[in-house]
Amino acid sequence: MFEPRFTTLNMNEILKYLGFRGQELTEEIAAQIKRCTDEVLAAATPRLTYRHAPLEDGAVLGVRFAGNDIPRMLEPCEEVVLFGATLGPGVERLMMRYEVTNAADSVIMDACASTAIENICNNFESDMRRAVEAEGRYLTDRFSPGYGDLPIAEQPKIFALLDMTRRIGVSLTPTTIMVPRKSVTAIMGIARTPQPHRPPDCEHCLMFRTCPFRKAGRRCREGAKT
């Protein structure tokens, strides 16, 4: 049974959410980010739920997902892992308070909270990957509604399969917005053969803060083609 866990949040990821493109990171701003991060983590009560399910004829417990990306990713798989995670209502209340009292801190809080829920998801994926590989099997990347051609309108299907509201207290509005907002659902496949993975994002690069491509609003892989 895996529990939600934090590791050190990636400062570059917070900067990415803030739209950082090589501007000067002053000591004052760094301290403000550190304070906001500490407040988010102190307010968080992370919760996690997940479920293994067989994949039969492209369906997960009789449920099929729209688009081509999910069927393509799951084609070599025999099983899936569905999971949902949330930072909890405390972070939601914290962010709502800062939205009306301090606009600058509110923007930073949002970036810190986005990085924090991503951290929970990354750590769960890492834990699950180790467990699956210990069995001689392989995990795909994770895929969430809103990625690729999997529409956000598919969110209720994952919610129902995970029983998200009862298990971890996350609800879904009629417009498919999760409450608390800093919550995530995703699906991963389990296969008998190694699976391709997306390349690392910019925030994991040692050149993130000085990258000339980011300053120009591009990525190095794009720049290499020109």
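Here, every reference points to the structure presented above.
Computed from a prediction, not measured in an experiment: that's the story for all the values here.

(A) Summary view of the side chain of Thr37. Tracing the chain through its elements places Thr37 in helix H2 (residues 27-43). On the basis of relative accessibility, which here comes to 10%, the residue Thr37 falls in the buried class.

(B) Representation of the environment of Ala186 within the structure. Inspection of the secondary structure puts Ala186 in strand S7 (residues 183-191). Here Ala186 falls in the buried class, since its relative accessible area comes to 0%. The sequence separation of Ala186 and Cys121 amounts to 65 residues, and the corresponding C-alpha distance is 9.0 Å. Ignoring any residue separated from it by four or fewer positions in sequence, one finds Ala186 in contact with Val81, Leu82, Phe83, Arg142, Phe143 and Ser144.

(C) Molecular detail of the environment of Asn123. With respect to the helices and strands, Asn123 occurs in helix H5 (residues 103-134). Separated by 119 residues in sequence, Asn123 and Pro4 place their C-alpha atoms 7.7 Å apart. Sequence-distant contacts of Asn123, that is, excluding residues within four places in its chain, are made with Arg5, Phe6 and Thr7. At 3.3 Å, the side chain of Asn123 and the side chain of Thr7 are in polar contact.

(D) Just the pairing of S7, in detail. Of all nine residues making up S7, nine are buried, and the element is well covered by its neighbours. Neither face of S7 is left uncovered, since the one carrying Ser183, Thr185, Ile187, Gly189 and Ala191 and the one carrying Val184, Ala186, Met188 and Ile190 both have all their residues buried. In terms of strand pairing, strand S3 (residues 77-86) meets S7 through nine bridges, oriented antiparallel. Bridge assignment links Gly84 to a residue of S7, and that residue is Thr185.

Cut-offs used in this document
Residues numbered from 1 in each chain as written. Predicted model: local features only at pLDDT ≥ 70, side-chain atom pairs only at ≥ 80, totals over all residues. Heavy atoms only, no water. Helix = DSSP H or I, 4+ residues; strand = E, 2+ residues; numbered from the N terminus. Buried < 20%, exposed > 50% of the residue type's maximum accessible area, 1.4 Å probe, protein only. Contact = heavy atoms within 4.5 Å. Polar contact = N/O pair within 3.5 Å; in protein donor to acceptor, adjacent residues only side chain to side chain. Pairing = 2+ DSSP bridges.

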